[in-house]
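What follows is each chain in one-letter form.
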Amino acid sequence: MKNYILAPSILSADFARLAEEISTVEAAGADWIHVDVMDGHFVPNITMGPFIVETFRRITSLPLDVHLMIEKPERYLEAFAKAGASGLTVHVETCPDIVATLRQIKSLGCTAGAVLNPETPVGKIQPALAEADLILVMSVHPGYSGQRFIPETVSKVSEIRKKLNALRSSAWLEVDGGIDVESLPRMKEAGATAFVAATAVFKHPEGAAQGVRTLRDVIASEAKQSPRL
Ligand code: DX5
Ligand code: ZN
């Protein structure tokens, strides 16, 4: 298994060339495809649902890392699992009983992720740490791609890394929002192991394949340091 994951977020892809965009990033070395689901309630934007996830599932064999920015996510977990999601990540802000929701996700055969917003204190994710396969730290306010990285979230990643290590958890520590050649090394040094990027991949001036290769190079450049040591 790889030590570090690069997960291009399909939100910034050209949907008129969806299959081509996905196969381009897959061939260039993407590990997962990150799918941003937004409901117009938890976040202002509206994006995609299970139907599109089912389409992605037919286009690629890469794991589909589905980020649910929706109210009452427990109502939709089964639909996304059936559509072919590999991992389902729910916001702690939307889950009154995060442990129960993570268990529900696992019972559907998916890897279970918990995510917190930039303004949400680390304490809110504490109950999820021992249960989750993935912890996601938002480094922008969720809703749109192309926003500026919030530097205060780096210390949040360090704090969660320490807690995961103390629990001897092998959960992925993922970061999402404004991840590029400058912010990625900072998040990696803080202990992140999975990196989501929409703009830095799909809006790369030399194309999405080069976007993937550039971020892969940044990840590899300090690969001697293991965040789990
Ligand atoms: C934001 C989404 C992100 C977004 C990242 O709400 O969760 O996954 O697509 O976009 P960039 O990499 O452009 O910040
Ligand atoms: Zn996301």
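Residues numbered from 1 in each chain as written. Chains lettered and ligands numbered in written order. Predicted model: local features only at pLDDT ≥ 70, side-chain atom pairs only at ≥ 80, totals over all residues. Heavy atoms only, no water.

Colleague: An account of the coordination of the zinc ion (ligand 2) is needed here, citing residue identities and associated values.
Modeller: Every protein donor of the zinc ion (ligand 2) is accounted for by His34 (NE2), Asp36 (OD), His67 (ND1) and Asp176 (OD), and the metal-donor separations fall at 2.0 to 2.3 Å. Geometry at the zinc ion (ligand 2) is octahedral, judged from the 6 donor atoms that bind it and their angles of 71 to 168° at the metal. For the zinc ion (ligand 2), the single-chain donor residues occur in sequence as H-x1-D-x30-H-x108-D. Judged on exposure class, the residue histidine 34 and its partner aspartate 36 are both buried. (Donors = N, O, S within 2.8 Å, 3.2 Å for Na, K, Ca; no water. Tetrahedral: all angles 85-135°; square planar, octahedral: opposite > 155°, others 65-115°. Buried < 20%, exposed > 50% of the residue type's maximum accessible area, 1.4 Å probe, protein only.)

Colleague: How would you sum up the pattern of salt bridges? Please name residues and give values.
Modeller: Throughout the structure, instances matching the rule amount to 9 salt bridges. Among the salt bridges present, the one from lysine 2 reaches aspartate 31, with a minimum N-O distance of 2.6 Å. Linking lysine 2 in the segment before strand E1 (5-8) with aspartate 31 in the loop between helix H1 (18-28) and strand E2 (33-38), this pair joins segments that are 29 residues apart in sequence. With relative accessibility at 43%, the residue lysine 2 sits in the partly exposed group. (Salt bridge = Lys/Arg side-chain N within 4 Å of Asp/Glu carboxyl O. Helix = DSSP H or I, 4+ residues; strand = E, 2+ residues; numbered from the N terminus.)

Colleague: Give a description of helix H4 (residues 98-107) that names residues and reports values.
Modeller: Listed in full, the buried residues belonging to H4 are Ile98, Val99, Thr101, Leu102 and Ile105. Down the axis of H4, the buried side of the element spans an arc of 165°, and every buried residue falls inside it. Where H4 terminates, the next one or two residues include glycine 109, which has phi positive at roughly 85°. (Arc of directions from axis to C-beta.)

Colleague: Please provide a residue-by-residue account of the site of ligand 1, values included.
Modeller: By nearness alone, 20 residues border ligand 1, and Asp36, Gly143, Asp176, Gly178 and Thr199 come closest of all. Within the side chain of serine 9, one N or O atom sits 3.0 Å away from an oxygen atom of ligand 1. In the model, an oxygen atom of ligand 1 is placed 2.7 Å from a nitrogen or oxygen of the aspartate 176 side chain. Mapped by element, the contributors of at least two residues to the shell around ligand 1 are E2, strand E3 (64-69) and strand E8 (194-197). (Near = heavy atom within 4 Å. Polar contact = N/O pair within 3.5 Å; in protein donor to acceptor, adjacent residues only side chain to side chain.)

Colleague: Which residues make up the packing of aromatic side chains, and what values do they have?
Modeller: Summed over all chains, the structure comprises 2 aromatic pairs. Taking NZ or CZ as reference, lysine 188 lies 4.9 Å from the ring centre of tyrosine 4, over its face. (Phe/Tyr/Trp six-rings, centres within 6.5 Å; stacked < 30°, edge-to-face > 60°. Lys NZ or Arg CZ within 6 Å of the ring centre and 35° of its normal.)

Colleague: Lay out the state of the cysteines with the relevant residues and their values.
Modeller: For the structure on display, the rule yields 0 disulfides. Between cysteine 95, a cysteine without a disulfide, and cysteine 110, which holds the nearest cysteine sulfur, the sulfur-to-sulfur distance is 15 Å. Here cysteine 95 falls in the buried class, since its relative accessible area comes to 7%. (Disulfide = S-S within 2.5 Å.)

Colleague: Break down the packing of H1 against helix H9 (residues 208-221) for me, with residues and values.
Modeller: Closest axis-to-axis distance for the H1/H9 pair is 8 Å, and the angle between their directions is 30°. Crossing handedness for the pair H1 and H9: right-handed. On the side of H1, the interface is formed by Glu21, Thr24, Val25 and Ala28, while H9 contributes Ala208, Ala209, Val212 and Arg213. (Axes fitted to C-alpha atoms, helices over the stretch in contact; angles between N-to-C directions. Left-handed = near helix turned anticlockwise from the far one by under 90°. Contact = heavy atoms within 4.5 Å.)

Colleague: An account of the side chain of aspartate 36 is needed here, citing residue identities and associated values.
Modeller: The residue aspartate 36 is located in strand E2 in this model. Of the buried charged residues, aspartate 36 lacks a salt bridge, with lysine 203 as the closest side chain of opposite charge at 13 Å. Reaching out from aspartate 36, the side chain makes a polar contact with the side chain of serine 9 at a distance of 2.7 Å. A polar side-chain atom of aspartate 36 sits 2.9 Å from a polar atom in the side chain of histidine 34. Setting aside residues up to four positions removed in sequence, aspartate 36 forms contacts with Ser9, Leu11, Thr47, Met48, His67, Met69 and Asp176. (Lys, Arg positive; Asp, Glu negative; His and termini not counted.)

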